[in-house]
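Read off the chains here:
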Amino acid sequence: MVYLNYNNLDNDTQNRLLSMSKKDVESRFGKQLKHYAREHYVNYESLLEEEAIRNLYNYTYVFSI
């Protein structure tokens with residue numbers, strides 16, 4: 001669960017969420033993504049970022065107002 005302050009959804013907060021998601025995706029699927037990137041000649045960093053953005057939709061958010 002991710003707790004957010006509704007009044008603080010600025011760019012820094014969004015970057016922090018994306019960074020958390022990247023770490024999460026890399027820890028769970030890092031080896032598979034690296035293998036896929038090598039096999040299909042895809043940039044690993046861009047693939048990781050795309051997967052991290054998709055992963056953000058799996059989080060449960062709790063907003064405090």
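Because the structure is a prediction, the values reported are computed rather than measured.

Draft legend 1. Just the pattern of salt bridges, in detail. All chains considered together, the criterion is met by three salt bridges. Residue Arg28 is joined to Asp24 by a salt bridge in which the shortest nitrogen-to-oxygen separation is 3.3 Å. A residue pair is termed a helical-turn pair when its members lie 3 or 4 positions apart in one helix, as Arg28 and Asp24 do in helix α1 (residues 11-40) at four residues.

Draft legend 2. Helix α2 (residues 44-56), seen in detail. Compared with an ideal rise of 1.5 Å per residue, which puts 13 residues at 18 Å, α2 spans 18 Å between its outermost C-alpha atoms and is within 8% of the ideal. Every buried residue of α2 is listed here: Tyr44, Leu47, Leu48, Ala52, Asn55 and Leu56. For α2, the side-chain oxygen to backbone nitrogen distance between the N-cap and Glu45 is 3.2 Å, and the N-cap itself is Asn43.

Draft legend 3. Just the confidence of the model for the protein chain, in detail. Summarising the model, the protein chain shows a mean pLDDT of 87, and 89% of its residues fall at 70 or more. Least confident of the elements in the protein chain is strand β1 (residues 2-5), whose mean pLDDT is 66; most confident is α1, at 93.

Draft legend 4. The arrangement of the side chain of Ser21 in detail. The residue Ser21 is located in helix α1 in this model. Contact partners of Ser21, with chain neighbours within four places excluded, come to Ala52, Asn55, Leu56 and Tyr59.

Draft legend 5. Up close: the packing of α1 against α2. Relative orientation of the contacting elements α1 and α2 amounts to 125 degrees, with a least axis distance of 8 Å. For the element pair α1 / α2, the angle class is oblique. Handedness of the crossing formed by α1 with α2: right-handed. When its residues are assigned to classes, the contact of α1 with α2 shows twelve nonpolar, three polar and seven charged.

Draft legend 6. Seen up close, unusual backbone geometry. The phi angle at Tyr41 is positive, at roughly 55 degrees, despite the residue not being glycine. Position of Tyr41 relative to the elements: it lies in the loop between α1 and α2.

Each value, and the rule that gives it
- Residues numbered from 1 in each chain as written.
- Predicted model: local features only at pLDDT ≥ 70, side-chain atom pairs only at ≥ 80, totals over all residues.
- Heavy atoms only, no water.
- Salt bridge = Lys/Arg side-chain N within 4 Å of Asp/Glu carboxyl O.
- Helix = DSSP H or I, 4+ residues; strand = E, 2+ residues; numbered from the N terminus.
- Expected span 1.5 Å × (residues − 1).
- Buried < 20%, exposed > 50% of the residue type's maximum accessible area, 1.4 Å probe, protein only.
- Polar contact = N/O pair within 3.5 Å; in protein donor to acceptor, adjacent residues only side chain to side chain.
- pLDDT = per-residue confidence, 0-100.
- Contact = heavy atoms within 4.5 Å.
- Axes fitted to C-alpha atoms, helices over the stretch in contact; angles between N-to-C directions.
- Parallel < 35°, antiparallel > 145°, perpendicular 65-115°, else oblique.
- Left-handed = near helix turned anticlockwise from the far one by under 90°.
- Nonpolar A, V, L, I, M, F, W, Y, C, P; charged D, E, K, R; others polar.

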